Amino acid sequence: MFKKFIHYYKPYKGIFFIDLLSATIIAAIDLVFPAITRLFINNIIPENQFRLFYIYIGVLVILSIIRTIANYVVNFWGHAMGTRMERDMRTDIFTHLQTLSLDYFDNVKTGHLMSRVINDISNIGELAHHGPEDLFLSFIMIVGSFIILFRIEWRLTIVLYSFLIILMGYTVYKRKKMTAVYRLVRKKIANVNAQLENSISGIRVAKAFTNEEYELEKFDMGNQEFNQSREMAYKVMAEFYSTIMFLLGFLDIIALGLGGYLVFQKVINIGDLVAYLLYISFFLQPIRRLTNFTEQLQEGISGFERLVEIMSIKPTIIDKEDAVELNSVSGRIEFKNVSFSYKKEEVVLSDINLTINTGQTLALVGPSGAGKTTLCHLIPRFYEINSGEILIDGINIQDITMYSLRKNIGLVQQDVFLFTGTIGENILYGKPDANEEEVIQAAIDANIDDFIQTLPDKYDTYVGEKGVMLSGGQKQRISLARAFLKNPPILILDEATSSLDAETEAIIQESLEKLVIGRTVLVIAHRLSTIRNADQIIVLTNKGIIEKGTHEELLANDKLYSKLYQSQFKGFIPDEVQKNNN
């Protein structure tokens, strides 16, 4: 883990060196000041050496200016290095998250990921900047002070530095407990973030069901757990700081008491004692710095552990080394003995055999939970099949690069996701390098351009969080515009009109009829009236494919499809359909 952390310093070796050099200058100047003070008290002032007096005052002024410049470098460039390392870490973790398979995101809370990407990495960035700097500064100050103090009075120095060993031992003793408590704090704040993200995303549902109090109770529970873990962390830190401050305070008393006694005994003079006490104050600075560093270290380490934990997760679906690019796609799709399950004990699809010829439209119907959406999600390899094979133009999709595979597949879902931004930006998502004319044409094809033109900002209109400022039909048409812009040879329509009113559905159905021309299309639909013109209709249940044929053929069979179709016009669901669903 240490090597991974050091890796982030490599691009900023120059800044890192300058930061440590500036810290060294600060420490060296701090060590010079007590020595000059001692010289003033012991020699220059008693002997009336005015020339040397003014020279040393001038030297101190110059050193003060140099120290100010070095402080600026440490405070600005040191922090700049830390923030740049944070940026690199966030880029790395976000890039890694993009490579992970969907089954990872199915089992992780968004708030937990947000906490790691933002909170944890901020703590790591602070450690990255202050950690080496504090350790280096403290080492110079402690070693430098020891050498000078030892030359002034070696016996007193040995007594005082023996306390340093006690301090170090106590710090090591407390470190394990502090690490555990800060790891717990990181987990609890992640839970709070997850709860907050979930509640805000579902605020309309909460208000619709008047469940604000219930949401508050859930948030309070997580918030209280975080508060308790934070208080526990502060309790441990309070014990640590209190003991350290007691030892440091006692160190002052020993220095003053023993130093004063040695003055009485004529072993050292007043100038030596003053210099000694000044060095003790400078000696205490790195001790306090290291004490603060201990807390920072615990937060940074616990954060980096969580970062490494995510970075070590491997995607379950990856390209083969010899994977080929899918070019010039005609769109023939074949399922051969395909079986799939999300969990080993829960089989969703079993021994599916299916062929969709180039340019054909295949409709999937059946009860909820039968695996219709799952079957469609297997084509772009969102999930890996357990057995069998799926072929596109005769090539196993596992032998195709995922980028080229998904580049040739368009997906329009029932639950449209719009990114926070403008209408134009959301349409452009279908083809990021498209020009303005292409975006407008896609909107025209999706029957959304007329609406956009009525808006004050037109394509620059802000859609709100997840498109909250648009209606369901408007969001769906923007999703269709994306698909028009992408222009894929294979198209998957997952209940694209199921939640819309009749008028909006008619508009979108008109767009869909244009969109499917010249493509291989898979349609999932609950409204069977929308798929009557499909080249092939598959009835899928938990028993697998139980019917296959055209609309007219399936009606003539008078089986499940026929009963489903009739029920939508008669307003009831026959007993046979319910039994099949169960």
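The preceding data block contains the structure.
These lines cover the structure that appears in this document, whether it is placed above or below.

What counts as what
- Residues numbered from 1 in each chain as written.
- Predicted model: local features only at pLDDT ≥ 70, side-chain atom pairs only at ≥ 80, totals over all residues.
- Heavy atoms only, no water.
- Pairing = 2+ DSSP bridges.
- Helix = DSSP H or I, 4+ residues; strand = E, 2+ residues; numbered from the N terminus.
- Axes fitted to C-alpha atoms, helices over the stretch in contact; angles between N-to-C directions.
- Contact = heavy atoms within 4.5 Å.
- Expected span 1.5 Å × (residues − 1).
- Buried < 20%, exposed > 50% of the residue type's maximum accessible area, 1.4 Å probe, protein only.

## Here we look at the sheet that holds strand β7 (residues 490-494)
And then number 1: Spatially, β6-β7-β8-β3-β9-β10 is the arrangement adopted by the 6 strands of the open sheet, whose pairing is mixed. Looking at strand neighbours, the two that pair on one side only are β6 (409-413) and β10 (544-549), the edges of this open sheet. Sheet twist, expressed as the mean angle between neighbouring strand axes with direction ignored, is 15 degrees.
And then number 2: When β6 meets β7, the two strands line up parallel, connected through 5 bridges. Within β7, the residue paired with L411 across the bridge is I492.
And then number 3: Helix α15 (residues 472-486) rests against β6 and β7 of the sheet, and its axis sits at about 175 degrees to β6.

## Considerations on the sheet that holds strand β1 (residues 333-343)
As a general point, the strands of a sheet are linked pairwise by backbone hydrogen bonds and lie either parallel or antiparallel.
And then number 1: Here we have 4 strands laid out as an open sheet, ordered β2-β1-β4-β5, and antiparallel in their pairing. With one partner strand each, in any of the chains shown, β2 (346-356) and β5 (395-396) form the two edges of the open sheet.
And then number 2: Both β1 and strand β4 (residues 387-392) contribute to a ladder of 5 bridges, which runs antiparallel. Across the sheet, F335 pairs through a bridge with I390, a residue of β4.

## Some points on α15
The α-helix winds at 3.6 residues per turn, so residues separated by three or four positions along the chain end up facing the same way.
And then number 1: Here α15 contains 15 residues, and its C-alpha end-to-end distance of 21 Å stays within 8% of the 21 Å for a straight helix at 1.5 Å per residue.
And then number 2: The buried count for α15 comes to 13 of 15 residues, which makes it a mostly enclosed element.
And then number 3: Of the residues flanking the end of α15, it is N487, one or two places downstream, whose phi is positive at about 55 degrees.

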